[in-house]
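Remarks on the overall topology
The chain contents come next:
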Amino acid sequence: MTAAPVAERLIGEFRAPHNGFQASASSIHNDETAAKLGFKGGTVPGSVHMDQFGPMLLKLYGEAWFEQGNISCHFMQATVDKEELQAMVDPGEPRSRLAAFNRDGAQILVGTASAQAVDPQSEVEQRLAGQTPAAPGALRIYADVKVGDTTSDIPMKVSLESYKASLERITERLAIYDKGVLSPAHVIRLAHMARPFVLAKSKQPYVGLFGALEVRQLAGPLVADKDYVGRTTMRKLSESPKTENAWYNVDIADAATGKDVASVTFLIRAMKPSSPLWTQG
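Being a predicted model, the structure only gives us computed values, none of them experimental. (Residues numbered from 1 in each chain as written. Predicted model: local features only at pLDDT ≥ 70, side-chain atom pairs only at ≥ 80, totals over all residues. Heavy atoms only, no water.)

**With respect to the side chain of Arg216**
Position of Arg216 relative to the elements: it lies in strand E7 (residues 208-217). One polar contact links Arg216 to Thr265, side chain to side chain, over a distance of 2.9 Å. (Helix = DSSP H or I, 4+ residues; strand = E, 2+ residues; numbered from the N terminus. Polar contact = N/O pair within 3.5 Å; in protein donor to acceptor, adjacent residues only side chain to side chain.)

Shown next, in the form of structure tokens:
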């Protein structure tokens, strides 16, 4: 019996992602704020790195991936503005494996991708399942946030003007984006508009950052200048020595039809050293 051939690894060029949020005071993307928390500079959002897989996803799955595809990433290390990164994909069925490394060989992320929107064994779903829920009373920033909390009727739209401007600095520009189809990072940008609602009960001030992200395109493609509406569900709350962790879904529907078109899972890490609830007693 002859073994099935192993698909060849796809390796992208080194790219230098831009931190477009440097001016956001009190944000992890700001140099001064990030330095106070032990980072070497303002961090590039992890969502930005996901766009580096665009050409490889297109090669593997075609434009149909933007209609019903999945990308799921766990971020292992933060990067700073123009820090060069190389993305690679090991093709496989039912899912491909993703990784990205900087010039020093440090692994920045690990993930999966699939031609199927819903993958119960995706990188984020597996990590979520393995998380131990925070013990009662252990959380301070997210003390009033509860698993099962929901919100709804959140208006969402990425304007065509802002999308075109962002394409001037995107790490991998695809022809499909010039037609208005949102890149993975911009689907996350759309879903991230729900953060003030889903984390409304969190206790300010604190600094948060993406720990993991998954995009499920159920009936895409999602496009700029279109009205969407979101609803959210808090799935799990956990903690580590340095962070409180909120895992939640944002489901996105077409505002005109009410049909679900995408869903995004977020892991938002709230930095304990950034909160007076942890630093002042």
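Back to the text.
**What about the nonpolar core?**
Counting residues in each nonpolar core, the largest one holds 60 residues, and the members touching the most others are Phe53, Ile71, Tyr142, Leu199, Leu222, Ile252 and Phe266. With near-sequence residues (within four places) excluded, Ile71 lies in contact with Met50, Phe53, Leu57, Trp65, Leu98, Thr112, Ala113, Pro184, Leu213, Glu214 and Val215. Ile28, Leu37, Leu209 and Met271 belong to the second largest nonpolar core, which has six residues in total. (Core = buried A, V, L, I, M, F, W, Y, C linked by side-chain atoms within 4.5 Å. Buried < 20%, exposed > 50% of the residue type's maximum accessible area, 1.4 Å probe, protein only. Contact = heavy atoms within 4.5 Å.)

**Topic: unusual backbone geometry**
Here the residue pair Glu93 and Pro94 is connected by a cis peptide bond, since its omega of 5° sits within 30 degrees of zero. Checked against the element boundaries, Pro94 lands in the loop between strand E3 (85-90) and strand E4 (96-102). With omega at 5°, the peptide bond leading from Gly220 into Pro221 counts as cis. As for its position among the elements, Pro221 is in the loop between E7 and strand E8 (228-239). A positive phi angle, near 60°, is found at Asp153, a position not held by glycine. You can see Asp153 is positioned in strand E6 (residues 150-156). With a relative accessible area of 65%, Asp153 lands in the exposed category.

**As for the packing of aromatic side chains**
Counted under the stated rule, the structure contains five aromatic pairs. Summarising the aromatic geometry, the rings of Trp65 and Phe66 are spaced 5.2 Å apart at their centres and angled 90° between planes, so their arrangement reads as edge-to-face. Taking the relative accessible area as the measure of exposure, Trp65 reaches 1% and is therefore buried. Taking the relative accessible area as the measure of exposure, Phe66 reaches 2% and is therefore buried. A network of ring pairs unites the aromatic residues Trp65, Phe66 and Tyr177 as a single cluster. Above the ring of Phe14, the side-chain terminus of Arg103 is found at 3.8 Å from the ring centroid. The ring of Trp278 is capped by Arg140, whose NZ or CZ atom sits 3.8 Å from the centre of that ring. (Phe/Tyr/Trp six-rings, centres within 6.5 Å; stacked < 30°, edge-to-face > 60°. Lys NZ or Arg CZ within 6 Å of the ring centre and 35° of its normal.)

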